[in-house]
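A closer look at the structure
If you want the building blocks of each chain, they are given just below.
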Amino acid sequence: MSVTVQQRAGQCKVAILGRLDRQEDRNVVLDLLRANPEQALELSFYDADLLCVELLCAMADRLNGGGKLKIVAYHALLAHGLTRLNLPVRLVSGRTAPADARPNPRALALAGSAQSLECILHIVERLPMSEMAVFVAQHVQENQVNLLDQLLKSRTGYSVEMPQHMAPVRPGTIYVAPPGHHMRVGHGYVYLTRDRQIQFARPSIDVLFESLAGEYGAEAMAVLLCGFGQDGTDGCAALRAAGACVIIQDGGECAPARVMPDAARNAGNYDYLMKLPAIASVVAAAAAGAGAQPEGELLELFLAALVSHYGYDFRNYQRDSLKRRIRNLMGQFHMGGFADFQRAVLSDVALFERLCAELPVGVTSFFRHPEQLKLLREEILPYLSSFPLIKLWSAGCSSGEEAYSLAIVLDELGLLDRSHLFATDFNPYLLAQGSSALFPAQALDANRANYLGSGGKRLFDAYLSRNGRFLQADDHLRQRILFYRHSLTDEGIFNEFQLVVCRNVLIYFDTELQRQVLRRFAQSLHAEGFLVLGPQDGLNRLALDMGFELYRSGSHIYRVGRSAAS
């Protein structure tokens, strides 16, 4: 961690490296925020994606007092969080400019040695038809018959050739290097030679890559797959120097045949290091061209890529919602092409985290659907008050407004001190927002109206303080809510609850995943418990079919029937 302070001409510029995890580092920044408000103060956060509550409040206090403050963030999540709290911030990121856009590739090269056959087939099977020419070089024994061209013909709509010398290069064609021959491309033709072996190989990947660098330059894309030896390392360097896009397969997928991709990675002449599903997705999007959008097979490939690359699975989310949110984020980052967006997300953890923050989040607010909360207040929670300890689960809690709404109702009923309120979400960024107890102030009037509509007897403002920029929930509420990570899509039950509230989350899931989650809720509920779903989730028929019993017509509140938990 490093905090560097520069004082000059009445200005103070502070460069902050790391995440400000140590209290002594935070104290340095806090002292500067609380110092002379007339002095121009500029804070540049290079690595932090979240800031502690104390720092956020100190920033707000300085601005509210008329102090001069500029905030510069190099992490998209930090900028997103500060903007949410009405704190002015300037985001500096290479990913926000269209400079990362690449020309549509006119040529694609796929190359490898041992264990690369299945990888080549996997990529080619998923290539959409295009005007791109594809060149394949695989190390095989020279005295063996290479049947790769025959295998490819049964898996793609592209024309597939094992070319003769001086064959013309045609769009939409795959050219497979014959065994015992180097394959070069130049002046629109394929050249085959029986020159000496290079790196103990013929065909040589270096020879193919270097010729493509000269022929296509920045309009080439090359993928180096599993294999032994160091063939391809020099060719990757030539392609990179020519502005081409170079992708290397993650050697962890290739063991023991990881020598080839590891050698090229160690040399540093590549753009992206990816696992096979991510490679297939990026290559397919590039082949689809600049107008490719997140839909159809391209979207499915991207979702599979996210699973392999980051371990996050959005494949059971409703496709219309996914498309809308991805397009929205592409627009925010000035990326018109899906291929450019994919390359950015799969190589930039910060942008991926921003995507995670955008994808599953529905509209949330305090006391949303107040008629349901009124029913909880007047009937459900009084019924559950007979339990010595009431356990509640706010599932898919997003940034926490619903959990705090439940805590307020429990407090007004005198039940908060003997309740355990769990708030879970799969996104740690949203959980951090919820546990901070800081919320946007823009919807304060709507929150007040919802609170009164839920049967609230006090003033909503009694539970949250306002500092002019954002709202802060009282500590006695925050301390009663347990925030932690849990995925509804692939993690099991973790407790028995008298009340489970999951509103406006399942609407983003497909029917099969909705069924799985409802079954999980049934297994999590006490026999006398209740499940609250969102009026907009559209799950009444499915819930009844699965054995849940409706508490009251139109309430979207359910009891567990005997068949629901089985």
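Residues numbered from 1 in each chain as written. Predicted model: local features only at pLDDT ≥ 70, side-chain atom pairs only at ≥ 80, totals over all residues. Heavy atoms only, no water.

Scanning the protein chain for helices and strands turns up 20 helices and 25 strands. Taking the intrachain contacts of the protein chain between residues at least 6 apart in sequence as the baseline, contacts between residues at least 24 apart amount to 72%. For the protein chain, the exposed area adds up to about 22,700 Å²; of that, 48% sits on carbon and sulfur atoms. Charge-centre separation for the protein chain: the mean point of 55 positive side chains lies 3 Å from the mean point of 59 negative side chains. (Helix = DSSP H or I, 4+ residues; strand = E, 2+ residues; numbered from the N terminus. Contact = heavy atoms within 4.5 Å. Areas by Shrake-Rupley, 256 points an atom, 1.4 Å probe, with all protein chains shown as cover. Lys, Arg positive; Asp, Glu negative; His and termini not counted. Charge placed at Lys NZ, Arg CZ, Asp CG, Glu CD.)

Now for the sheet that holds strand S11 (residues 182-186). Read from one edge to the other, the open sheet built from three strands follows the order S9-S12-S11, with strand pairing classed as antiparallel. Two strands in the sheet have a free side with no partner beyond their single neighbour: strand S9 (167-168) and S11. With five bridges connecting them, S11 and strand S12 (residues 189-193) associate as antiparallel partners. Paired with arginine 184 across the bridge in S12 is tyrosine 191. (Pairing = 2+ DSSP bridges.)

This brings us to the packing of aromatic side chains. What the rule picks out here adds up to 29 aromatic pairs. Measuring from ring centre to ring centre gives 5.9 Å for phenylalanine 422 and phenylalanine 494, while their planes differ by 65 degrees; the resulting arrangement is edge-to-face. One end of the pair, phenylalanine 422, is in strand S17 (residues 419-425); the other, phenylalanine 494, is in the loop between strand S21 (481-485) and strand S22 (497-502), with 72 residues separating them in the sequence. By relative accessible area, phenylalanine 422 is classed as buried at 10%. Exposure remark for phenylalanine 494: the relative accessible area of 26% places this residue in the partly exposed category. Every member of this aromatic cluster is reached through a ring pair, and the members are Phe366, Phe367, Tyr404, Phe439, Tyr451, Phe460, Tyr463 and Phe483. Above the face of the phenylalanine 530 ring, arginine 559 is positioned so that its terminal group lies 4.1 Å from the ring centre. (Phe/Tyr/Trp six-rings, centres within 6.5 Å; stacked < 30°, edge-to-face > 60°. Buried < 20%, exposed > 50% of the residue type's maximum accessible area, 1.4 Å probe, protein only. Lys NZ or Arg CZ within 6 Å of the ring centre and 35° of its normal.)

Before going further, it helps to spend a moment on helix H3 (residues 76-84). For H3, the buried fraction is high: seven of the nine residues fall into the buried class. Buried residues of H3: Ala76, Leu77, Leu78, Ala79, Gly81, Leu82 and Arg84, and no others. Phi for asparagine 86, located one or two positions after H3, is positive at around 65 degrees.

By the secondary structure assignment, leucine 69 is in strand S4 (residues 69-73). Residues leucine 69 and glutamate 38, 31 residues apart in the sequence, show an inter-C-alpha distance of 9.5 Å.

Considering every residue of the protein chain, the mean pLDDT works out to 91; 96% of them sit at 70 or more. Contacts from residues 94-99, a stretch scored under 50 in pLDDT, to residues over four places away or in other chains number 12 contacts. (pLDDT = per-residue confidence, 0-100.)

Turning our attention to the pattern of salt bridges. One pass over the full model with this rule turns up 25 salt bridges. We note a salt bridge from arginine 126 to glutamate 125, for which the minimum N-O separation is 3.3 Å. Residue class for arginine 126 comes out partly exposed when judged on its relative accessible area of 26%. Between aspartate 313 and arginine 315 there is a salt bridge, with its nearest N and O atoms 3.0 Å apart. Residue aspartate 313 is classed as partly exposed on the basis of its relative accessible area, which comes to 25%. Linked through salt bridges whose partners overlap, the residues forming this network are Arg22, Glu24 and Asp25. (Salt bridge = Lys/Arg side-chain N within 4 Å of Asp/Glu carboxyl O.)

Attention now moves to the side chain of threonine 173. Residue position: threonine 173 is located in strand S10 (residues 173-176). Polar contacts involving the side chain of threonine 173 include one to the main-chain carbonyl oxygen of arginine 170, which spans 3.3 Å. Beyond its immediate sequence surroundings of up to four residues, threonine 173 is in contact with Met132, Ala133, Val134, Tyr158, Ser159 and Glu161. (Polar contact = N/O pair within 3.5 Å; in protein donor to acceptor, adjacent residues only side chain to side chain.)

This next bit is on the environment of valine 14. Inspection of the secondary structure assignment puts valine 14 in strand S2 (residues 11-17). You can call valine 14 buried: its relative accessible area is 2%. A sequence separation of 12 residues divides valine 14 from arginine 26, and the C-alpha atoms of the two residues are 12 Å apart. When near neighbours in sequence (up to four residues on either side) are disregarded, valine 14 contacts Val3, Thr4, Val5, Leu32, Leu41, Glu42, Leu43 and Ser44.

What follows is about the packing of helix H12 (residues 338-347) against helix H13 (residues 349-358). In the contact formed by H12 and H13, the axes pass within 5 Å of each other and the chain directions differ by 105 degrees. Accordingly, the angle class assigned to the pair H12 and H13 is roughly perpendicular. Facing H12, whose interface residues are Phe341, Ala344, Val345 and Ser347, H13 presents Val349, Leu351, Phe352 and Leu355. Of the residues contributing to the contact of H12 with H13, the split by class is seven nonpolar, one polar and no charged. (Axes fitted to C-alpha atoms, helices over the stretch in contact; angles between N-to-C directions. Parallel < 35°, antiparallel > 145°, perpendicular 65-115°, else oblique. Nonpolar A, V, L, I, M, F, W, Y, C, P; charged D, E, K, R; others polar.)

A contiguous patch of positive charge on the surface is contributed by Arg8, Lys13, Lys70 and Arg90. Here arginine 90 is to be found in strand S5 (residues 90-91). (Patch = residues over 30% accessible without salt bridge, like charges linked within 9 Å, V, L, I, M, F, W, Y side chains within 5 Å.)

Both faces of the sheet carry side chains from a regular strand, because those side chains alternate between them. Relative to S12, S9 runs antiparallel, the two sharing two bridges. Across the sheet, the residue bridging to proline 168 is tyrosine 189, located in S12. A loop of two residues connects S11 with S12, the two strands running antiparallel in sequence, and histidine 187 in this loop sits at a positive phi of about 55 degrees.

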